[in-house]
Amino acid sequence: MKKLLCILVCFLLVIPSALADTPPVKLQEDDPLYTSLHERAMEYAGLFNEALHSEEYLSLIQIPDGVKDVLALVQMQDFTQPVDVTIVRTDDAFAMYEPGDPHILLFAAEVSPALKTLTWQRLYNSTGAILASQEGDAVLALSSLLTLTDAFIQPDTMDGPCFAVMQYGGLYAFLVTFVPTANGAVIATAQFIPSRAADDLNMPTE
């Protein structure tokens, strides 16, 4: 599992740099796209919080005994009350490798642009799982089990992928990735991550 995630990280770190060269931009609160994505992120956080405290829901998704200690810790947070919400427009969810990194060789494969794009979309939406894996298999397993996914029509003002990171002043944060597709839809993936793992996200410097 960890080797697979390492491979995914390598792809995620370099594929966007081959597709676009757009620097990360923090969306401002008066930006209509910020408002739209903020509303959705808050909605997902609310649904996540509901699922987190629903014994019936948790029994339906069959939470294994091995992650129940982590579950108890996550349940201590109220995910409906973030102390900070940052929304970033960036083609690369992670900080890129330095130019000349050997992982760039991954692009030597002769595959179509369409395949590269689909792979990139899948991996961008795997950001939360990759960050959760930093805290071990139990956190990764629980975060994956509780992941929420959604799809909606791409807003006119959205010209590329974005992510929202919500901090609560506790052990865990909430991450939502928003990835546009070629058919005009946006795929949203929402899940909890370790708060300190959010430092690995490609946040713009201000």
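Since we're looking at a predicted model, the values are computed, not measured.

Caption draft 1: Region of interest: the packing of aromatic side chains. Scanning all chains against the criterion turns up 7 aromatic pairs. Both rings, one in phenylalanine 48 and one in phenylalanine 79, keep their centres 4.9 Å apart while their planes meet at 80 degrees; by these two values the pair is edge-to-face. Of this pair, phenylalanine 48 sits in helix 2 (residues 32-52) while phenylalanine 79 sits in the loop between helix 4 (68-74) and strand 2 (84-89); the two residues are 31 residues apart in sequence, bridging distant segments of the chain. By the burial criterion, phenylalanine 48 is buried, and phenylalanine 79 matches it. With centroids separated by 6.2 Å and ring planes inclined at 70 degrees, the aromatic side chains of phenylalanine 152 and phenylalanine 178 adopt a geometry described as edge-to-face. Of this pair, phenylalanine 152 sits in strand 3 (residues 148-153) while phenylalanine 178 sits in strand 5 (residues 172-180), and the two are 26 residues apart along the sequence.

Caption draft 2: Focus on the nonpolar core. Formed by 39 residues in total, the largest nonpolar core has its most connected members in Phe174, Phe178 and Phe192. By residue number, the principal contributor to this core is helix 2, which donates 8 residues.

Caption draft 3: Expanded view of the side chain of glutamine 121. In this structure, glutamine 121 sits in helix 5 (residues 113-124). Residue contacts for glutamine 121: discarding those within four places in its chain leaves Val179, Pro180, Thr181 and Ala182.

Caption draft 4: Looking closely at the pattern of salt bridges. According to the stated counting rule, one finds 4 salt bridges in the structure shown. Here arginine 89 ties to aspartate 91 by a salt bridge, and the two come within 3.4 Å at their closest N and O atoms. Accessibility classification places arginine 89 together with aspartate 91 in one group, the buried group. Where arginine 89 meets aspartate 159, a salt bridge forms, and the shortest distance between an N and an O atom there is 2.9 Å.

Caption draft 5: Main features of the confidence of the model for the protein. Within the protein, residue pLDDT values average 85, and 81% of them lie at 70 or more. Between the elements of the protein, mean pLDDT differs from a low of 47, seen in helix 1 (residues 2-19), to a high of 98, seen in helix 2. Predicted confidence for residues 11-20 stays below pLDDT 50, and this span has 33 contacts to residues more than four positions away or in other chains.

Reading guide: rules and limits
- Residues numbered from 1 in each chain as written.
- Predicted model: local features only at pLDDT ≥ 70, side-chain atom pairs only at ≥ 80, totals over all residues.
- Heavy atoms only, no water.
- Phe/Tyr/Trp six-rings, centres within 6.5 Å; stacked < 30°, edge-to-face > 60°.
- Helix = DSSP H or I, 4+ residues; strand = E, 2+ residues; numbered from the N terminus.
- Buried < 20%, exposed > 50% of the residue type's maximum accessible area, 1.4 Å probe, protein only.
- Core = buried A, V, L, I, M, F, W, Y, C linked by side-chain atoms within 4.5 Å.
- Contact = heavy atoms within 4.5 Å.
- Salt bridge = Lys/Arg side-chain N within 4 Å of Asp/Glu carboxyl O.
- pLDDT = per-residue confidence, 0-100.

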